[in-house]
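Chain and residue survey
Okay, here's what each chain looks like letter by letter:
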Amino acid sequence: MKTTIINSLCIALVLFVTSCNSGKKKETQTIEEPQIEEVDMGVTGDNSMTSLDWDGVYEGELPCADCEGIKTVVTINSDNTYLIQETYLGKETTPIETKGTFKWDDQGQRILLSNDRNPFFVGENTLTLLDSDGNKNTGDLQELYILRKVMD
């Protein structure tokens, strides 16, 4: 009998305590998400321009019709400027430097250089020299047109 009375008192006490707390209103605080202004660059989705860490220094040895090869170092900067240093192996010891600006093609995959130079396809840590029509070179020598990014 004592157990029943104690149990009944415990239940009554729990109901009393919970009923007193249910009347309190909780204050809620609304946090607004900051608005991010999107910049329309004419390109949408994932592509070389938006998804890759493309700025940096790339180097390699491009094929040459009348020399051993062209040691090529291309620096592309985030401000859309570039510097190309070309050394004609077996002929010229001083690099020929070309500076200019570039813009991205409509798909955000290729950089189009000023000074009427052939464009480059921008890949993961690579620049691939394209032909004058903007196509990748094919055939046995296609790997020779790829410059590799110099990692710091």
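Cut-offs and rules
Residues numbered from 1 in each chain as written. Predicted model: local features only at pLDDT ≥ 70, side-chain atom pairs only at ≥ 80, totals over all residues. Heavy atoms only, no water. Disulfide = S-S within 2.5 Å. Buried < 20%, exposed > 50% of the residue type's maximum accessible area, 1.4 Å probe, protein only. Helix = DSSP H or I, 4+ residues; strand = E, 2+ residues; numbered from the N terminus. Phe/Tyr/Trp six-rings, centres within 6.5 Å; stacked < 30°, edge-to-face > 60°. Contact = heavy atoms within 4.5 Å. Pairing = 2+ DSSP bridges. Axes fitted to C-alpha atoms, helices over the stretch in contact; angles between N-to-C directions. Polar contact = N/O pair within 3.5 Å; in protein donor to acceptor, adjacent residues only side chain to side chain.

Take the state of the cysteines next. Inspection of every chain in the model, using the stated rule, returns 1 disulfide. Covalently, Cys 64 is tied to Cys 67 through a disulfide, its sulfur atoms 2.2 Å apart. In this structure, the disulfide formed by Cys 64 and Cys 67 twists by about 125 degrees around the S-S bond and is classed as right-handed. On the accessibility criterion, Cys 64 (19% relative accessible area) is buried.

A few words on unusual backbone geometry. With phi around 70 degrees, Asn 115 is a residue other than glycine that occupies positive phi space. Mapped onto the secondary structure, Asn 115 falls in the loop between strand 5 (110–113) and strand 6 (120–123). Positioned with a positive phi, Asn 125 is a non-glycine residue whose angle comes to about 60 degrees. Here Asn 125 shows up in the loop between strand 6 and strand 7 (126–129).

The next thing to look at is the packing of aromatic side chains. Applying the stated criterion across every chain, the model contains 3 aromatic pairs. Aromatic pair Trp 54 and Trp 104: ring centres 5.2 Å apart, planes at 75 degrees, arrangement edge-to-face. Taken together, the positions of Trp 54 in the loop between helix 2 (48–51) and strand 1 (56–62) and Trp 104 in strand 4 (residues 96–104) put the pair 50 residues apart, joining distant regions of the chain. Among the residues examined, Trp 54 registers a relative accessible area of 10% and is labelled buried. When the centroid spacing of 6.3 Å and the interplanar angle of 75 degrees are considered together, the rings of Phe 102 and Trp 104 count as edge-to-face. With respect to burial, Phe 102 and Trp 104 carry one shared label: buried. Joined through ring pairs, the aromatic side chains of Trp 54, Phe 102 and Trp 104 make up one cluster.

In this section: the environment of Gly 56. Inspection of the secondary structure puts Gly 56 in strand 1. Each C-alpha atom of the pair Gly 56 and Val 74 lies 8.2 Å from the other, and the pair is 18 residues apart in sequence. Apart from the residues lying within four places of it in its own chain, the contact partners of Gly 56 are Val 74, Thr 75, Ile 76 and Lys 149.

What follows covers the sheet that holds strand 6. Pairing between the strands of a sheet comes from backbone hydrogen bonds, and it takes one of two forms, parallel or antiparallel. Spatially, 8 strands are ordered 1-2-3-4-5-6-7-8 in a closed barrel, and the strand pairing comes out antiparallel. Taken pair by pair, the neighbouring strands of this sheet meet at an average axis angle of 30 degrees, ignoring direction. Where strand 5 lies against strand 6, 2 bridges are found, and the strand directions are antiparallel. Residue pairing for strand 6: Arg 110 is matched across the bridge by Phe 121.

Moving on to the side chain of Thr 72. Within the fold, Thr 72 resides in strand 2 (residues 69–76). Separated by 3.0 Å, the side chain of Thr 72 and the backbone oxygen of Ile 70 make a polar contact. Those residues in contact with Thr 72 that sit more than four places away from it in its chain are Tyr 58, Glu 59, Gly 60, Leu 62, Ile 84, Gln 85, Glu 86 and Leu 147.

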